[in-house]
Every structure is written in structure tokens, then in C-alpha cells.
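Understanding the architecture of this molecule
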Amino acid sequence: MSTPGHHESITVRGYETDASRHLNHAEYHRYGEHGREETLRAATVGIAALSADGIGPVILETTARFLAELVVGDEVDVVTKTTFGAGKTFRMDAELVRARDGVTAATITGVMGLLDHTTRRLVADPHGRLRTIAADRAAFDAVIQPPEGS
């Protein structure tokens, strides 16, 4: 992912490693989840605001590609890019980059939706709904990129 996105920094902790002494595979997904949550929070649409509006984010698909090892003490830059299309789903993809050498350690792709808590169905226009909830739409648009032509 070469386009700009939201950045969060995480340090690999000892209890997150496996018997091979590198980051456990499940932790990569957790780092991606942390990036997604912080992207929404930075765009002023945190979990509390979403819940108050009767919706919540749902992960419909996530895939991790492991490219390089992460070990205890590694600083990891989680770069999250969000894109919307015309449908009910959107993408929140993360790239995990080792700070010490700039190597991409993993990519986490994610297909997301917004679940209406009353109907238990996906919201038809997640980009529009998130813009409505955002306390600071300028911050929201700086982090979340709408589809071409909107």
C-alpha cells in the first residue's frame, strides 16, 4: 500500500510471541484491528459514537499475508488505508512495517460493513453514515477516502 493512511505505532511485547520467538500469527490480526479502531477514532467516529447511532463495525473478511518476522522490541508502524465503493461494504487494509528497517512484515486486508443493531442488516451507505456521525468531518475525510466521483 503506497498511498497515505492512518499511522499507529506498536511495540512487540514478549507475551505476544510464540515458541519460535516471533510475533504470534493471531497478534498480526490484533494489530490490524487496533489500526482499524484507531483510524475510526482519529476520524471522530469511535465505538461510542457508532453505538449511540445504533450501528457498529463488522469484519466480513480478513486475510493476513506474513512477509517478514517481527520479534520482541520491534517497533511496528500500522498503516491503515480505508476505501469505499458503491455498495454496503468497504475496505480497511493495514500494512505492518518494521520501523528499524522499513520492511513490510505483513499485510492485513479487511472487508468491513456497518451493522444496524436494530435490523441486524448492513447499512446501505457506510461512507455517508460515517460522515453523518463524524464530529469533525474534515478529520474524517482526511483519514477515510471516498470512492472516485463522490
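Scroll up to find the structure.
What you are looking at is a predicted structure, and each value in this text was computed from that prediction instead of being measured. (Residues numbered from 1 in each chain as written. Predicted model: local features only at pLDDT ≥ 70, side-chain atom pairs only at ≥ 80, totals over all residues. Heavy atoms only, no water.)

Overview of the overall build of the chain
The number of helices and strands found in the chain is four helices and six strands. Each helix and strand of the chain, placed in order from N terminus to C terminus, yields the pattern β-α-α-β-β-β-β-α-α-β. Within the span of the chain, comprising 150 residues, buried residues form 39% of the whole. Here the contacts in the chain between residues at least 6 apart in sequence split such that 65% fall between residues at least 24 apart. Entry remark: accessible area of the chain is about 7,800 Å², with carbon and sulfur atoms responsible for 51%. (Helix = DSSP H or I, 4+ residues; strand = E, 2+ residues; numbered from the N terminus. Buried < 20%, exposed > 50% of the residue type's maximum accessible area, 1.4 Å probe, protein only. Contact = heavy atoms within 4.5 Å. Areas by Shrake-Rupley, 256 points an atom, 1.4 Å probe, with all protein chains shown as cover.)

What about the nonpolar core?
Formed by 14 residues in total, the largest nonpolar core has its most connected members in Val45, Leu50, Ile55, Phe90, Leu114 and Leu130. With near-sequence residues (within four places) excluded, Leu114 lies in contact with Ile55, Gly56, Pro57, Phe90, Arg121, Leu122, Val123, Pro126, Arg129 and Leu130. (Core = buried A, V, L, I, M, F, W, Y, C linked by side-chain atoms within 4.5 Å.)

Some words on the packing of aromatic side chains
Tallying each qualifying case throughout the model produces two aromatic pairs. The interplanar angle of 75° and the centroid separation of 4.9 Å between the aromatic rings of Tyr28 and Phe66 together place this pair among those described as edge-to-face. Here Tyr28 is found in helix H1 (residues 25-42), whereas its partner Phe66 is found in strand S2 (residues 55-66), with 38 residues between them in sequence. Owing to a relative accessible area of 45%, Phe66 belongs among the partly exposed residues under this scheme. (Phe/Tyr/Trp six-rings, centres within 6.5 Å; stacked < 30°, edge-to-face > 60°.)

Description of unusual backbone geometry
Phi is positive for Thr44, which is not a glycine, with a value near 60°. Tracing the chain through its elements places Thr44 in the loop between H1 and helix H2 (47-52). Even without glycine at this site, Arg120 takes up a positive phi of about 60°. Taking the relative accessible area as the measure of exposure, Arg120 reaches 52% and is therefore exposed.

A look at the pairing of strand S1 (residues 6-11)
Residues in a regular strand point their side chains to alternate faces of the sheet. Covered by surrounding structure in S1 are His6, Glu8 and Ile10 only, the residues His7, Ser9 and Thr11 on the alternate face being uncovered. Pairing of S1 with strand S3 (residues 75-84), which is carried by six bridges, proceeds in the antiparallel orientation. Residue His7 lies in a different strand from S3, and its bridge partner there is Val79. (Pairing = 2+ DSSP bridges.)

Points about the environment of Asp116
Along the chain, the position of Asp116 falls in strand S5 (residues 104-116). Excluding its chain neighbours within four sequence positions, the residues that come into contact with Asp116 are Gly54, Ile55, Arg121 and Val123. Side-chain polar atoms of Asp116 contact the backbone nitrogen of Thr118, separated by 2.8 Å. (Polar contact = N/O pair within 3.5 Å; in protein donor to acceptor, adjacent residues only side chain to side chain.)

Digging into the pattern of salt bridges
Scanning all chains against the criterion turns up nine salt bridges. Between Glu33 and Arg36 there is a salt bridge whose closest N-O contact spans 2.7 Å. Taken as a pair, Glu33 and Arg36 lie in helix H1 at a separation of three residues, close to a single helical turn. Each of the salt bridges in this network shares a partner with another, and the network as a whole consists of Asp74, Arg98, Arg100 and Asp101. (Salt bridge = Lys/Arg side-chain N within 4 Å of Asp/Glu carboxyl O.)

Side note on the pairing of S3
Here S3 runs beside strand S4 (residues 89-98); their pairing, made up of nine bridges, is antiparallel. In the strand pairing of S4, Lys81 is matched with Asp93. Where S3 hands over to S4, the hairpin turn is made up of four residues, counted between the paired strands.

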